[in-house]
Amino acid sequence: MRTRTTTPALAARGVSKSFGRVRALAGVDIDIPAGQSVAIMGPSGSGKSTLLHCLAGILVPDSGEVHLGDVAVSGLPDARRSRLRREQLGFVFQDGQLLPELSARENVALALLLNGSSRGAALRTAGEWLERLGLSGAGDRRPGEMSGGQAQRVAIARAMVHSPAVVFADEPTGALDQATGHEVMQILTTTAAMAGTTLVVVTHDLQVAGWCSRLVELRDAMVHADRPLTGEPR
Ligand SMILES: Nc1ncnc2c1ncn2[C@@H]1O[C@H](COP(=O)(O)OP(=O)(O)OP(=O)(O)O)[C@@H](O)[C@H]1O
């Protein structure tokens, strides 16, 4: 695994985004140093998902800029943003979003295949990641044959396997019981920390946020509070 020394990994500068007459983000500024884990919280509708999508280059802000390292992501054409997402970003969603017809190993390998790896090398590296995340015996199983916690560990392996600069996790524990959710957050935060990967987690749960080292609270489309956390769950 590689360690990064350059900063900042990710920055939003004056990011605003509206959907029709709804102002989802109204001038958000965030600077995230490389390797930091940040939880984004806030009431429903406060703009968390919109911010995550703008930071990840899925949505383009109406005004303001998003920078990934020294690249102004928000100014790139669609195809360049897609490529940047594929090569430099990883995603973990609430329900895993693994492909049901592929094995765990194939699901993880896909991220490497899409970036040009050979099938053999991709499957080998995928197997190593599954082993690292305690799933060495589950590589041939399909997502439907695994528990929710196991499937999220596969999703974490898939998000990390191509050594992305940033991993975005949108309610990664939302479909899990509390104990499994904690286990998944522990794995996600320690794996990201070991790889030097920046982590952005959207959550409704303060205990989940407690695994991160910083908490950004949104309210009414703006940053309401921004404070360090200990990086240990409460
Ligand atoms: N594609 C869209 N079309 C129209 N309105 C949207 C769209 N996406 C988000 N919104 C609106 O923008 C505001 C912010 O939504 P967003 O999903 O970012 O909030 P959130 O904090 O993630 O909410 P939740 O916690 O409920 O997921 C809300 O009023 C929402 O209804």
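For the structure itself, consult the block above.
The model shown is predicted, which means the values in this text are computed figures rather than measured ones.

Trainee: Account for the overall build of the protein chain, with residues named and values stated.
Mentor: Counting secondary structure elements, the protein chain contains seven helices and ten strands. Computed over C-alpha atoms, the radius of gyration of the protein chain comes to 17 Å, within 12% of the 17 Å expected from 2.2 N^0.38 for 234 residues, which places it in the range of a compact globule. For the protein chain, the spread of C-alpha atoms along the three principal axes comes to 50 × 40 × 35 Å. Taking all contacts inside the protein chain whose residues are at least 6 apart in sequence as the whole, residues at least 24 apart take part in 68%.

Trainee: Requested: an account of the site of the ligand, with residues and values cited.
Mentor: Near the ligand the following residues occur: Phe19, Val22, Ala24, Gly42, Ser44, Gly45, Ser46, Gly47, Lys48, Ser49 and Thr50. It is helix H1 (residues 48–55) that contributes the most residues to the shell around the ligand, three residues altogether. Looking at the shell around the ligand residue by residue, the class counts come to three nonpolar, seven polar and one charged.

Trainee: If you had to explain the sheet that holds strand S8 (residues 198–202) to someone new, which residues and values would you point to?
Mentor: Strand order across the open sheet formed by six strands is S6-S7-S8-S3-S9-S10, with mixed pairing between neighbours. The two strands at the open ends of the sheet, each matched to only one other strand, are strand S6 (89–92) and strand S10 (222–228). Adjacent strand axes in the sheet meet at a mean angle of 20° when their direction is disregarded. Two strands pair when backbone bridges link them, and strand S9 (residues 214–219) and S10 are joined in this way by six bridges, in the antiparallel orientation. Residue pairing in the sheet places Val216 in a bridge with Asp226 of S10. Each of S6 and strand S7 (166–170) touches helix H5 (residues 148–160); the most contacted strand, S6, lies at about 170° to it. Helix-sheet contacts for helix H6 (residues 178–195) involve strand S3 (37–41), S6, S7 and S8, and the interaxial angle to S8 is about 155°.

Trainee: Can you explain the packing of helix H3 (residues 104–113) against helix H4 (residues 119–132)? Please cite residues and give values.
Mentor: Running from amino to carboxyl end, H3 crosses H4 at an angle of 120°, the nearest separation of the two axes being 8 Å. With respect to H4, the axis of H3 lies oblique. For the crossing formed where H3 meets H4, the hand is right-handed. Together, Ala104, Arg105, Val108, Ala109, Leu112 and Leu113 of H3 and Arg119, Ala122, Leu123, Thr125, Ala126, Gly127, Trp129 and Leu130 of H4 make up the contact between the two elements. Among the residues forming the contact of H3 with H4, the class breakdown is ten nonpolar, two polar and two charged.

Trainee: Tell me what's going on with the packing of H3 against H5, and back it up with residues and numbers.
Mentor: Between H3 and H5, whose axes approach to 7 Å, the crossing angle comes to 25°. Taken as axis vectors, H3 and H5 run roughly parallel relative to one another. For the crossing formed where H3 meets H5, the hand is right-handed. Here H3 contributes Ala104, Asn107, Val108 and Ala111 to the contact with H5, which in turn contributes Val154, Ala157 and Arg158. Looking at side-chain class alone, the contact of H3 with H5 contains five nonpolar, one polar and one charged residues.

Trainee: I'd like a rundown of the pairing of S6, residues and numbers included.
Mentor: Taking every second residue as pointing to the same face, both faces of S6 are buried, with Leu89 and Phe91 on one and Gly90 and Val92 on the other. Sheet topology note: the S6/S7 ladder contains four bridges and is parallel. Across the sheet, Gly90 pairs through a bridge with Val167, a residue of S7.

Trainee: Residues and numbers for the nonpolar core, please.
Mentor: With 68 residues, the main nonpolar core has Ile40, Val108, Leu130, Ala157, Val167 and Leu199 as its most contacted residues. In terms of residue count, the dominant contributor to this core is H5 (seven residues). Beyond its immediate chain neighbours, meaning those up to four positions away, Ile40 contacts Lys48, Leu51, Leu52, Val200, Val201, Val202, Val216 and Leu218.

Trainee: Residue-level account of the environment of Met185, with values.
Mentor: Mapping Met185 onto the fold places it in helix H6. Between the C-alpha atoms of Met185 and Thr173, which are twelve residues apart in sequence, the distance is 7.5 Å. Beyond its immediate stretch of four places on either side in the chain, Met185 contacts Thr173, Val208 and Trp211.

Rules of the game
- The written sequence of each chain sets the order in which its residues are numbered from 1.
- Totals for whole chains, interfaces and linings use all residues, but because this is a predicted model, local features are given only for residues with pLDDT of at least 70 and pairs of side-chain atoms are given and counted only at 80 or more.
- Each helix corresponds to a stretch of at least 4 residues labelled H or I by DSSP, and each strand to a stretch of at least 2 residues labelled E; elements are numbered beginning at the N terminus.
- A radius of gyration in this sense is built from C-alpha atoms; the matching globule rule multiplies 2.2 Å by the number of residues raised to 0.38.
- Any pair of residues counts as being in contact when their C-beta atoms, constructed from backbone geometry, are within 7 Å of one another.
- Here is the check we use: build the C-beta atom from the backbone, and if it is within 6 Å of the molecule or strand, call the residue near.
- Each residue receives one of three labels: charged for Asp, Glu, Lys and Arg, nonpolar for Ala, Val, Leu, Ile, Met, Phe, Trp, Tyr, Cys and Pro, and polar for the others, Gly being one of them.
- DSSP-based pairing: two strands are paired if at least 2 bridges between them are found.
- Orientation is described by lines fitted to C-alpha atoms, with helices fitted over the stretch in contact, and by angles between N-to-C directions that extend from 0 to 180 degrees.
- Each angle is binned into one of four classes, with values under 35 degrees roughly parallel, values over 145 roughly antiparallel, values of 65 to 115 roughly perpendicular, and all other values oblique.
- Rotating anticlockwise by less than a right angle from the far helix to the near helix defines a left-handed crossing, while the corresponding clockwise rotation defines a right-handed one.
- Any residue with 12 or fewer other C-beta atoms within 10 Å of its own C-beta is exposed, any with 20 or more is buried, and the rest are partly exposed; the C-beta atoms used are placed from the backbone.
- The term nonpolar core refers to a group of buried residues, namely Ala, Val, Leu, Ile, Met, Phe, Trp, Tyr and Cys, whose C-beta atoms join them within 7 Å.

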